[in-house]
Amino acid sequence: MRSTQTGDLWWKTAVFYCLDVQTFCDSNGDGVGDFAGLADRLDHLVELGVTVIWLMPFYPTADVDDGYDITDYYTVDPRLGTLGDFVEFMRSANSRGLRVIADLVVNHTSAKHPWFQSARSAAESPYRDWYVWRDEPGPEKPGDVVFPDRETSIWTKDRKAGQYYLHRFYRSQPDLNVANPAVRDEIARVMGFWMRLGLSGFRVDAVPFLLETTGIEGGAEGLPQPHQYLRDLRAFLGRRSGDAILLGEVNLPFEQARAFFGDEDGDELTMLFDFPTMQAMYLGLARSDAGPIRSALLARPHNPADSQWAVFARNHDELTLDKLSGAERQEVFAAFGPDEGVQVYGRGLRRRLPPMLGGDQRRIRLVYSLMMSLPGTPTLFYGEEIGMGENLDLPSRMAVRTPMQWRSGKLGGFSTAADPDLLCRPFPGPPYSPDEINVVAQRHDPDSLFSFVRERIRCYRECPELGWGAVSVLEHDVPSALVHRSDWLGRSLLLCHNLADTEVTVRLSLPAEPPRTRCVDLFDRAVQLPISPDGALEVTLPAYGGRWFRLLTGESSDLL
Ligand code: NOJ
C-alpha cells in the first residue's frame, strides 16, 4: 500500500473545480471573462481549498456548442486573451500550488475547423479520411442522437462532399476518425502542446464516443482494440509527464464503465466521473431515502489502486438522469423539475442544485457534506460554493452557465465597466441574483454556504482516509441514513448522513477488531461518543444532517 508521502497520487486527495474562463471573471470590461480575470481570482479558489482547476474549452470555437466545437487546438480563443495570458495564468496558478487540467475535446471538431473544410472540399484532400464518411447514412441505433432537441440522426449529408458524415453531437461537430493513425498522432500532438505549457492532464470529453468504431469503414482494422488506443494515450501522457492524469467523461452503467480504468494497474483513464452514484443521490434526495445511494456504492466497481472515481453533484451539462429507470426519473422530475421547461432531452434537468432543493440550506449542505465524504475525489462546478441558481430564460443547458457572482449589483462584480448588453448570459433573477447570492457577502460570514463548503473541504484534505481508504457501507435499520466507513493505515472515519427531514438515531454495530472506544465529531471536537466493548454505537443525526467521526482507541487523542 502506498503512503501519501511517496505515493504521488495527488488526484486521490484533490478537490477539482470546473470553470469556464468566459463566465468566470472579466478583467477588461468587455463583458466576457478572460484569463487575466481568472488569474486575479485565484485566491478565491485557494481560500476555498480547491487544488485543481478544470478549464472548460478555451480554444477558438465556432461557438455552436459553447466551446465544445473547436476550430484551432493550438491557441486561445482571442476573446479570452492570448497564449501569453494563458501562460501567465498557469504560472500564477502553479505558484499558489494549484494544478490545472483542461478539456480535451477530440471526439469531434467544429465543422468550421480547417481540417473539416478541407476534408469536405475534395475526396483527395489529405484530411478527407480524418472524418467518417459514407455514401449512404451509416448504422444508427435508437438513442444514438445525443441532442434530440436539434438533431434527428447522427449522419448528415454534406453538400460539397456529396457524402454523409458521422456526428455524435450536433451536425456542426463532425466526428474525427481515430482509426486513422494521422488523427491519433495529431491528438497526441495537441496533448503534448498543452502539457508543455504546464497542464497536469485532461478532462477527456465523450470518451466512449471517441473509442467507437461503428460506422468507420474498415474501422475494425484501423482500430482493432479501441481500449488499446486509450492505453496508448495514457502511456503517451505518462511519458510526457509521469503524474499527469486523464479524467474521463464516461457516462455508462458501472458494468461497462469499469473497463475504462484499464487493467488492475489502471493503465487507461486515471479517473472517471461517477455518473450512476450522482443520479442515485438525486433519487435518494427525492425519496428521503438513502437506499439508492447505498445500492450505487455497493454496485460501484472497485477502481484500480492508482485510479479514482470523481464525485460530483452538478456540472455544466443538464443533470442527466439517464441511468435511472423511467419511473425513477419521473420521481426525480416530479420532485426537482416538474415543469417541462426545465426538462431537457427527455433525460435531464437544466438546473443548479439550490433551486431544485427549494433553497433549503439544510439539504444543500447535506449534498456537499456527502460529496466531500463519499469515496472518490470531489469535483465542484463554479458557483456551487456560494449556491448560485440557474437562469431559465437562457436556452437549454446555458441556463446553468451564467457568470460567476462575485458581488451584489447588476453586473455581479463581473465587470465594473461592462455594458450589460455585452453580457450575453444574464444572471438569474431573485432569489438567486447577485444581490442575494455573491462571494463578497459570503466570504466573511461564518454561517454562509461558502464557509460551510470551505470547512468541509478543509476537513476532507485533513482526512486522507477519504481519498485513499477502503470503504464499507454499514448496515442499520434507519432507511433515511447512509453510514459509511473509510479505513486506511489503521485510521478510520465514520461518515453519517440523514436524508430525512426528521432527526434520527442510528444504532450501529462496529466490528470488535480493531478495538475502538469512542469517536470524535470532526466538526465539533468537544463531542465524543462512546463505543461499547462489543462495538455498539448510537449516532443521532439532525434532519438532513451530516456528521463525520474519527474512530479512536483508548485515551489517544492523536489525529484529532
Ligand atoms: C460533453 C460535454 O460535457 C458537453 O457539454 C458537450 O456538448 C458534448 N460533450 C460535446 O462535446
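Shown above is the structure to which this text applies.
Just so we're clear, the structure is a prediction, and the values are computed from it rather than from any experiment.

## Considerations on the overall build of the protein
- What the protein contains, in helices and strands, is 19 helices and 22 strands.
- Relative to the compact-globule value of 24 Å for 560 residues, the protein shows a C-alpha radius of gyration of 24 Å, a close match.
- Residues counted as buried form 61% of the 560 residues belonging to the protein.
- Carbon and sulfur atoms provide 50% of the accessible area of the protein, an area that totals close to 21,000 Å².
- Looking at the protein, you have 58 positive and 78 negative side-chain charges, and the mean spots of the two groups are 1 Å apart.

## A few points about the nonpolar core
- In this structure, Leu55, Phe89 and Tyr282 are the most contacted members of the largest nonpolar core, which totals 151 residues.
- Beyond its immediate sequence surroundings of up to four residues, Leu55 is in contact with Leu19, Val21, Phe35, Leu38, Phe86, Phe89, Val100, Ile101, Ala102 and Asp103.
- Core analysis: the next-biggest nonpolar cluster, separate from the first, contains 18 residues, Leu474, Leu494, Val504 and Val539 among them.

## Looking at the sheet that holds strand E5 (residues 155-158)
- Here we have three strands laid out as an open sheet, ordered E4-E6-E5, and antiparallel in their pairing. Single-partner strands in this sheet number two, and they are strand E4 (133-134) and E5.
- Sheet topology places E5 next to strand E6 (residues 163-166); four bridges connect them, and they run antiparallel. In the strand pairing of E6, Lys157 is matched with Tyr164.

## Here's the deal with the sheet that holds strand E17 (residues 491-498)
- Judged by pairing direction, the sheet is antiparallel, and its six strands sit side by side in the order E15-E16-E17-E22-E19-E20 without closing on themselves. Each end of this open sheet is capped by a strand with a single partner; those strands are strand E15 (470-473) and strand E20 (528-530). Neighbour to neighbour, the strand axes of the sheet diverge by 25° on average, direction disregarded.
- Note: E15 against strand E16 (residues 481-488), four bridges, orientation antiparallel. Bridging from a neighbouring strand, Val471 pairs with Ser486 of E16.
- Most of the contacts of helix H13 (residues 291-299) go to E16, to which it runs at about 30°, and overall it touches E15 and E16.
- Against the sheet, helix H18 (residues 449-462) makes contact with E17 and strand E22 (546-552), and its axis sits at roughly 25° relative to E22, the strand it touches most.

## Thoughts on helix H7 (residues 181-196)
- If you check H7, its first and last C-alpha atoms are 22 Å apart, about what 16 residues at 1.5 Å a residue would give, namely 22 Å.
- Among all positions of H7, only Val183, Glu186, Ile187, Ala188, Val190, Met191, Gly192, Trp194 and Met195 are buried.
- In the core, the buried residues of H7 are packed alongside helix H5 (83-95), strand E3 (99-104), helix H6 (114-121), strand E7 (201-204), helix H10 (226-240) and strand E8 (245-248).
- Directly beyond the C-terminal end of H7, a positive phi value near 105° is found at Gly198.

## Looking at the side chain of Arg350
- Among the structural elements, Arg350 can be located in the loop between strand E13 (348-349) and helix H15 (353-356).
- Despite its burial, Arg350 pairs with no opposite charge, the nearest such side chain being Asp393 at 7.0 Å.
- A distance of 2.8 Å separates the side chain of Arg350 from the backbone oxygen of Leu394, its partner in a polar contact.
- A polar contact of 3.0 Å, which involves the side chain of Arg350, links it to the backbone oxygen of Ser396.

## Considerations on unusual backbone geometry
- A cis amide bond links Pro430 to the next residue, Pro431, at an omega of 0°.
- As for its placement among the helices and strands, Pro431 is situated in the loop between strand E14 (377-381) and helix H17 (439-443).
- Across the junction of Glu513 and Pro514, the peptide omega takes the value -15°, indicating a cis bond.
- Inspection of the secondary structure assignment puts Pro514 in the loop between strand E18 (504-509) and strand E19 (518-521).
- Its identity as a non-glycine residue notwithstanding, Asp63 has a phi of 60°, on the positive side.
- Tracing the sequence through the fold places Asp63 in the loop between strand E2 (52-55) and H5.
- Even without a glycine there, the phi angle at Asp66 is positive, about 50°.

## Details of the pattern of salt bridges
- For the coordinates displayed, the defined rule picks out 37 salt bridges.
- Among the salt bridges present, the one from Arg120 reaches Asp158, with a minimum N-O distance of 2.8 Å. On the criterion of sequence distance, the pair formed by Arg120 in helix H6 and Asp158 in strand E5 is long-range, its members being 38 residues apart.
- Here Arg231 and Glu268 are joined by a salt bridge, their closest N and O atoms 3.0 Å apart. On the criterion of sequence distance, the pair formed by Arg231 in helix H10 and Glu268 in the loop between helix H11 (254-257) and strand E9 (271-273) is long-range, its members being 37 residues apart.
- Note on Arg231: relative accessible area 26%, which makes it partly exposed.
- Residue classification places Glu268 among the buried residues on the basis of a relative accessible area of 2%.
- A single network of salt bridges, built from pairs that share partners, joins Asp20, Asp65, Asp66, Asp317, Arg397, Arg401 and Arg425.

Rules of the game
Residues numbered from 1 in each chain as written. Predicted model: local features only at pLDDT ≥ 70, side-chain atom pairs only at ≥ 80, totals over all residues. Heavy atoms only, no water. Helix = DSSP H or I, 4+ residues; strand = E, 2+ residues; numbered from the N terminus. Rg over C-alpha atoms; globule rule 2.2 N^0.38 Å. Buried < 20%, exposed > 50% of the residue type's maximum accessible area, 1.4 Å probe, protein only. Areas by Shrake-Rupley, 256 points an atom, 1.4 Å probe, with all protein chains shown as cover. Lys, Arg positive; Asp, Glu negative; His and termini not counted. Charge placed at Lys NZ, Arg CZ, Asp CG, Glu CD. Core = buried A, V, L, I, M, F, W, Y, C linked by side-chain atoms within 4.5 Å. Contact = heavy atoms within 4.5 Å. Pairing = 2+ DSSP bridges. Axes fitted to C-alpha atoms, helices over the stretch in contact; angles between N-to-C directions. Expected span 1.5 Å × (residues − 1). Salt bridge = Lys/Arg side-chain N within 4 Å of Asp/Glu carboxyl O. Polar contact = N/O pair within 3.5 Å; in protein donor to acceptor, adjacent residues only side chain to side chain.

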